[in-house]
Amino acid sequence: FQSCAHYRADSRGELHLGTDASHGGDYTGVEPMGLFWSLAPAGMERPYQRLVPRNTSAPMKVEVLVHQGHSLPGSMPGSVMAKAEVQRLFTAPGVRRIRLKEGVVRGSLFLPPGDGPFPGVIDMYGDEGGLIEFRSSLLATHGFAALSLPYFDFEDLPRILKDLKLEYFEEAARFLQRHPKVKGPGVGVIGTGKGAELALSMITFLPEVVAAVSISGCSSNTVADLHYGETTLPGLRFDMEKVTVSESGVFDIFEALDDPTNPANSSSVIPIEKAEGHFLLVVGEDDRMWKSSLYAELAIRRLRQHGKENFELLSYPGAGHRIDPPSTPFCQVAMDRVLGVPVLGGGESKAHAHAQEHSWGKIQEFLHLHLG
């Protein structure tokens, strides 16, 4: 992965990224972390790869080079004037990572240093599956007991995303709620994509969950049927005939999901008005994965129709689908794990980076407010 920016040093040969503007390259303007959020696969690497830290205990090592002069994209840069290695940490000293095999629940629990107790949060990602830990480790760094919770394609969990039982997530919530390091009485949940929709279902049906952060989620259940006791929420399906493919082979699935406003799909709607807790809805207005802005509007309308104002909305112009913690490299098009093709996620790099930075602070404020 690489990124480039054009700066002009002062008369002393010094440069301050916090106050000096980039004049070109992969971004312009004053962007202290621009070299990080603009990282993209280098020219000879496979395109559309997402830079996600796989090992939170090891720092991400980034080599920074200062070249003579400014070079155009794809051309040979000038001679190297200076270089240094920068390390980006995802876990603060003292944070503990505990691999979890508790009943049917799998994952990793991250605990901040100290005696606690700490506010407890369950952290989930989307249909890429597996165990993604870096947001959980960062939450623990900021004082939360964070449980990174996979729900398929990990260890002995189902290999593919098919029928889901909410009892699995209920067991995870009860485990976290009863943990001696967790403050209680309730826990929070944060999810992205399919994980966001599961977060909405958890706060709706599980009394243990009192705060839910939905990032780019749908207000209806999608793809896999969700079962809880005698209740089933059918999953909205994707109609592949509504997918368009660009000349460069990028798939646009924006119109492909079944319409949640169609009365025929009413049984898939998550009855969030039953929730006693609080919602934070985070959406990018240029999300091209699906219509997350519309889905947030539908959720808010449903809550208000039932006389509820237990929600906040963060809506970001120019932001795409996957709004991660700050300075996570922007990825407008990413390889889809299920389809095996590049899929358009939308967004513009600088606007998306600003959305990530702003929402991260607001998410922490929201969770502290409702979890203590």
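Residues numbered from 1 in each chain as written. Predicted model: local features only at pLDDT ≥ 70, side-chain atom pairs only at ≥ 80, totals over all residues. Heavy atoms only, no water.

The name given to the protein in an unreviewed UniProt entry is ACOT5 thioesterase, with Nesospiza acunhae as the source organism.

Please explain the overall build of the protein as it appears in this structure.
Of the regular secondary structure elements, the protein holds 6 helices and 17 strands. In terms of overall size, the protein behaves like a compact globule, its C-alpha atoms giving a radius of gyration of 21 Å where 372 residues would be expected to give roughly 21 Å. Over its C-alpha atoms, taken along the principal directions, the protein stretches across nearly 70 × 55 × 40 Å. Put simply, of all contacts in the protein between residues at least 6 apart along the chain, 67% involve residues at least 24 apart. When the 35 basic and 45 acidic side-chain charges of the protein are each reduced to a single mean position, those positions are 4 Å apart. (Helix = DSSP H or I, 4+ residues; strand = E, 2+ residues; numbered from the N terminus. Rg over C-alpha atoms; globule rule 2.2 N^0.38 Å. Contact = heavy atoms within 4.5 Å. Lys, Arg positive; Asp, Glu negative; His and termini not counted. Charge placed at Lys NZ, Arg CZ, Asp CG, Glu CD.)

Would you mind showing me how to read a nonpolar patch on the surface here?
Residues Val223, Phe238, Met240, Val338 and Leu339 make up a contiguous nonpolar surface patch of about 400 Å² in total accessible area. Residue position: Met240 is located in the loop between β11 (231-233) and β12 (244-245). Relative accessible area serves as the criterion here: at 44%, Met240 is assigned to the partly exposed category. (Patch = residues over 30% accessible without salt bridge, like charges linked within 9 Å, V, L, I, M, F, W, Y side chains within 5 Å. Areas by Shrake-Rupley, 256 points an atom, 1.4 Å probe, with all protein chains shown as cover. Salt bridge = Lys/Arg side-chain N within 4 Å of Asp/Glu carboxyl O. Buried < 20%, exposed > 50% of the residue type's maximum accessible area, 1.4 Å probe, protein only.)

How should I be thinking about the pairing of strand β3 (residues 96-102) in this particular structure?
Two faces make up the sheet, and in a regular strand the side chains alternate between them. Judged from the 7 bridges that link them, β3 and strand β4 (residues 105-111) form a sheet pairing that is antiparallel. By the bridge assignment for β4, Glu102 is matched with Val105. Turn length for the β3-β4 hairpin, with the two strands adjacent in sequence and antiparallel, is 2 residues, and the turn residue Gly103 shows positive phi of about 65 degrees. (Pairing = 2+ DSSP bridges.)

Sorry if this is basic, but what is going on with the packing of aromatic side chains here?
Here a ring pair, both rings aromatic, is described through the centre-centre distance and the interplanar angle of the planes. The final tally for this structure, using the stated rule, is 8 aromatic pairs. Taken together, a centroid distance of 5.2 Å and an interplanar angle of 90 degrees make the contact between Tyr168 and Phe169 edge-to-face. Centroid distance Trp290 to Tyr295: 5.8 Å. Interplanar angle 85 degrees. Geometry classified as edge-to-face. Accessibility classification places Trp290 together with Tyr295 in one group, the buried group. (Phe/Tyr/Trp six-rings, centres within 6.5 Å; stacked < 30°, edge-to-face > 60°.)

Is there a simple way to explain the side chain of Glu197 in this structure?
Within the secondary structure, Glu197 sits in helix α4 (residues 194-205). Judged by its relative accessible area of 0%, Glu197 falls in the buried class. Polar side-chain contacts of Glu197 include one of 2.4 Å to the side chain of Lys194. (Polar contact = N/O pair within 3.5 Å; in protein donor to acceptor, adjacent residues only side chain to side chain.)

Just checking my understanding: could you explain the layout of surface pockets for this structure?
Where empty space is left becomes clear once a probe the size of a water molecule has been rolled over the atoms. What the second largest pocket holds in volume is close to 1100 Å³. If you go around the second largest pocket, you meet 50 residues; those closest to its centre are Asp127, Glu128, Met335, Asp336 and Arg337. Elements supplying a minimum of two residues to the lining of the second largest pocket: β16 (333-335) and α6 (349-371). Among the elements that line the lining of the second largest pocket, the one with the most residues is β16, at 3 residues. (1 Å grid on protein atoms, 1.4 Å probe; cavity = no way out; pocket = protein on both sides within 12 Å on 5 of 7 lines; lining within 4 Å. Points joined across faces, edges and corners; volume = space filled by probe spheres on them.)

I would appreciate a short explanation of empty space enclosed by the protein in the present structure.
For the structure shown, the criterion picks out 3 cavities of 30 Å³ or more. If you add up the space inside the largest cavity, you get close to 80 Å³. Around the largest cavity, the lining is made up of 13 residues, and of these Tyr125, Gly130, Ile132, Leu149 and Pro150 lie nearest the centre. Along the lines of polarity and charge, the residues of the lining of the largest cavity split into 8 nonpolar, 4 polar and 1 charged. Taken as a whole, the second largest cavity encloses approximately 60 Å³ of empty space. Forming the boundary of the second largest cavity are Leu200, Ser214, Ser216, Gly217, Cys218, Ser219, Leu281, Val283, Ser292, Tyr295, Ala296 and Ala299. Broken down by secondary-structure element, the contributors of at least two residues to the lining of the second largest cavity are β14 (278-284) and α5 (292-305). Here the lining of the second largest cavity is built from residues that sort into 7 nonpolar, 5 polar and no charged. (Nonpolar A, V, L, I, M, F, W, Y, C, P; charged D, E, K, R; others polar.)

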